[in-house]
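Next come the chains, spelled out residue by residue.
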Amino acid sequence: MGSQLPEAFVTKMKSLLGEEFPAFIASYEEARRYGLRVNTLKCSVNEFLSLMPSLQEPIPWTSTGYYYQEEDRPGKHPYYHAGLYYIQEPSAMAPAELLDVQPGERVLDLCAAPGGKSTQIAAKLQGQGLLVTNDIHPDRVKALVKNIELNGVRNAVVLNERPDKLQHPFRAFFDKILIDAPCSGEGMFRKEEEMAKAWHPDWVTRYASMQRDLLRQAAIMLRPGGRIVYSTCTFSPEENEAMIAQFIAAHPQFRIVPIPMEHGFQPGRPDWLDIAELGSLQAAAAAQEVTGTARLWPHHLAGEGHFVAVLEYQADKASPERLAAETKFLKADKERLKTKGRDRYGTDKFLFKKQPVIDLQPFYSFMQELAPEVPTANVVLHGEHIYLSPEGLPDLSGIRVIRPGWYMGSVRKQRFEPSHALAMGLMQSDVRRWIALSVKASETVRYLKGETLEITEEQVLLSGDLDKKKGYCLITVDGYAVGWGKWMDGMLKNEYPAGWRWT
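These numbers come from a predicted model, not from an experiment.

Chemist: Got a minute to help me understand the packing of aromatic side chains in this structure?
Modeler: Here the distance between the centres and the angle between the planes together describe a pair of aromatic rings. As enumerated under the stated definition, the model contains 30 aromatic pairs in all. Ring centres of Y472 and W484 lie 6.2 Å apart, and the angle between their planes is 75°; on these two criteria the pair is classed as edge-to-face. In this pair, Y472 is assigned in strand β21 (residues 471-477) and W484 in strand β22 (residues 480-488), connecting sequence segments 12 residues apart. This pair shows no difference in class: Y472 is buried, exactly as W484 is. Grouping aromatic residues by their ring pairs yields a cluster made of F9, F21, F24, Y28, F189, W199, F235, W272 and W297. Taking NZ or CZ as reference, R106 lies 3.9 Å from the ring centre of F173, over its face. Over the ring of W500 we find K146, and its NZ or CZ is 5.1 Å from the ring centre.

Chemist: Got a minute to help me understand the side chain of D135 in this structure?
Modeler: Here D135 lies in the loop between β5 (130-134) and α7 (138-150). For D135, a relative accessible area of 5% gives the class buried. In this structure the side chain of D135 is engaged in a polar contact, spanning 3.1 Å, whose partner is the backbone nitrogen of A113. If we skip the residues at most four places from it in the chain, D135 touches L110, C111, A112, A113, R140, V141, L144, L159, N160 and E161.

Chemist: How do you make sense of the confidence of the model for the protein chain when you look at a structure like this?
Modeler: In regions of low pLDDT, the predicted coordinates are not meant to be interpreted in detail. Overall, the predicted model of the protein chain reaches an average pLDDT of 92, with 92% of residues at or above 70. Contacts of residues 340-354 to residues separated by more than four positions or lying in other chains number 39 contacts, the stretch itself having pLDDT below 50.

Chemist: Whenever I open this one, the pairing of strand β6 (residues 156-159) confuses me. Can you help?
Modeler: Along a regular strand, successive side chains alternate from one face of the sheet to the other. Going residue by residue along β6, you find A156 and V158 tucked away on one face and V157 and L159 tucked away on the opposite face as well. Here 4 bridges tie β5 to β6, and the two strands are oriented parallel to one another. The residue of β6 that forms the bridge with V132 is V157. Since β5 and β6 lie parallel, the crossover through α7 that links them has a hand, and here it is right-handed. In this structure, β6 lies alongside strand β15 (residues 401-403), joined through 2 bridges in antiparallel fashion. Following the sheet pairing, V158 is matched in β15 by R403.

Basis of the calculations
Residues numbered from 1 in each chain as written. Predicted model: local features only at pLDDT ≥ 70, side-chain atom pairs only at ≥ 80, totals over all residues. Heavy atoms only, no water. Phe/Tyr/Trp six-rings, centres within 6.5 Å; stacked < 30°, edge-to-face > 60°. Helix = DSSP H or I, 4+ residues; strand = E, 2+ residues; numbered from the N terminus. Buried < 20%, exposed > 50% of the residue type's maximum accessible area, 1.4 Å probe, protein only. Lys NZ or Arg CZ within 6 Å of the ring centre and 35° of its normal. Polar contact = N/O pair within 3.5 Å; in protein donor to acceptor, adjacent residues only side chain to side chain. Contact = heavy atoms within 4.5 Å. pLDDT = per-residue confidence, 0-100. Pairing = 2+ DSSP bridges. Right-handed = clockwise from strand over helix to strand, strands pointing away.

What follows is the structure, encoded as structure tokens:
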């Protein structure tokens with residue numbers, strides 16, 4: 001691999017790393033490491049390890065990550081289709097860990113696709129609070145939606161919007177913001193050889209202006225006392241330490257929270273910055289603080305290259321004008337939550353306007369029969385589609401909302417058709433009718449391939465006082481939901497989505 005690296009990149013890294021360069025370049029000849037992260041929305045780490053005992057080596061900077069071997073192929077396993085884990089590059093798990101998300105908080109993942117860090121944040125929220133996950137690219141946001149649904153996230157809103165358009169509705173709104181910034185991608189050359197072939201030295205300048213805007217926009221959306229984590233997968237100091245030094249200089253209400261240098265993490269490198277190019281004396285002074293940021297190097301730990309900075313908004317350092325404006329906004333936001341208008345169906349008027357009135361009784365009847373303990377408050381309609389929206393959203397008029405909450409399904413011709421997202425957000429204990437498959441049973445893969453199955457009446461399981469076996473059943477594998485089936489007279493009509501099927 002080392003011989004395939006761009007010459008300009010190799011020259012640059014040799015100049016920066018000096019004595020460390022031979023170890024760095026040698027790491028490209030080593031086999032890359034693979035990781036997965038347990039989805040604790042679905043099961044605990046101990047439960048997961050009992051299901052997959054071959055995973056023995058933990059990723060040290062997260063309590064839910066494990067290394068696996070390439071031949072393990074965890075993407076070709078029924079548990080993957082159950083959303084029990086997310087396949088994620090090991091170093092990429094660090095930024096969301098450092099965000100220090102707590103249940104109940106409002107969190108923004110600003111550049112979220114394909115959704116690895118969003119699902120990591122969602123697991124930390126444990127179904128409480130609000131996750132707003134956004135990506136500007138329409139094609140990439142499709143993968144984001146799929147991963148949010150696969151992982152059973154109930155309290156997420158998915159947006160497809162320019163970050164600058166989010167500043168007004170979300171001013172001083174979030175407790176935590178993750179900026180996994182678009183970057184020149186130098187840290188991913190071992191993982192994605194095509195990226196190394198496409199790389200050009202001017203990418204650094206191209207991405208730097210975008211990263212500067214993202215930091216500025218995120219600062220407006222963070223509440224006093226909140227935290228921003230900025231991360232990249234590049235080695236370029238122009239996109240890393242320089243970006244943070246310039247941001248701190250322009251926003252004196254922020255400080256760098258020093259990251260502990262453990263697990264092979266290395267400190268930021270102020271000595272790599274060109275003081276003359278930082279643009280101000282304040283930025284030059286702030287440059288020394290970037291030793292509190294962290295670099296993840298492939299020759300120091302088992303993962304690819306990353307940079308992470310943790311930034312905290314100190315309310316006592318904000319200008320009186322900004323603090324007054326944010327206090328006023330927060331007060332108005334609190335009042336809005338008290339008086340937010342809803343129509344007689346509970347539809348949130350702030351999200352979708354001029355919606356046709358549809359009869360939601362088929363939806364309520366379905367939930368009452370199959371999952372009566374699952375809350376159905378905060379219903380949002382988008383045409384015939386039904387969502388359960390998280391509490392506390394501001395007015396999103398004019399914002400491209402892809403998912404305003406947990407997608408329940410749709411009402412067509414007075415019948416409710418449940419979504420796959422609804423199935424994936426349910427636990428077996430939530431439902432009163434299900435079919436229990438085993439990971440070792442041949443029917444499991446056949447179900448995931450979309451085939452019709454012969455299922456006896458005895459295999460349809462009921463709980464509570466439900467005695468009706470005909471109709472929709474939650475299909476589970478070893479107790480974990482994988483989708484819907486519709487049972488009648490010994491046959492299971494397969495409702496597994498075509499685009500998700502085992503191939």
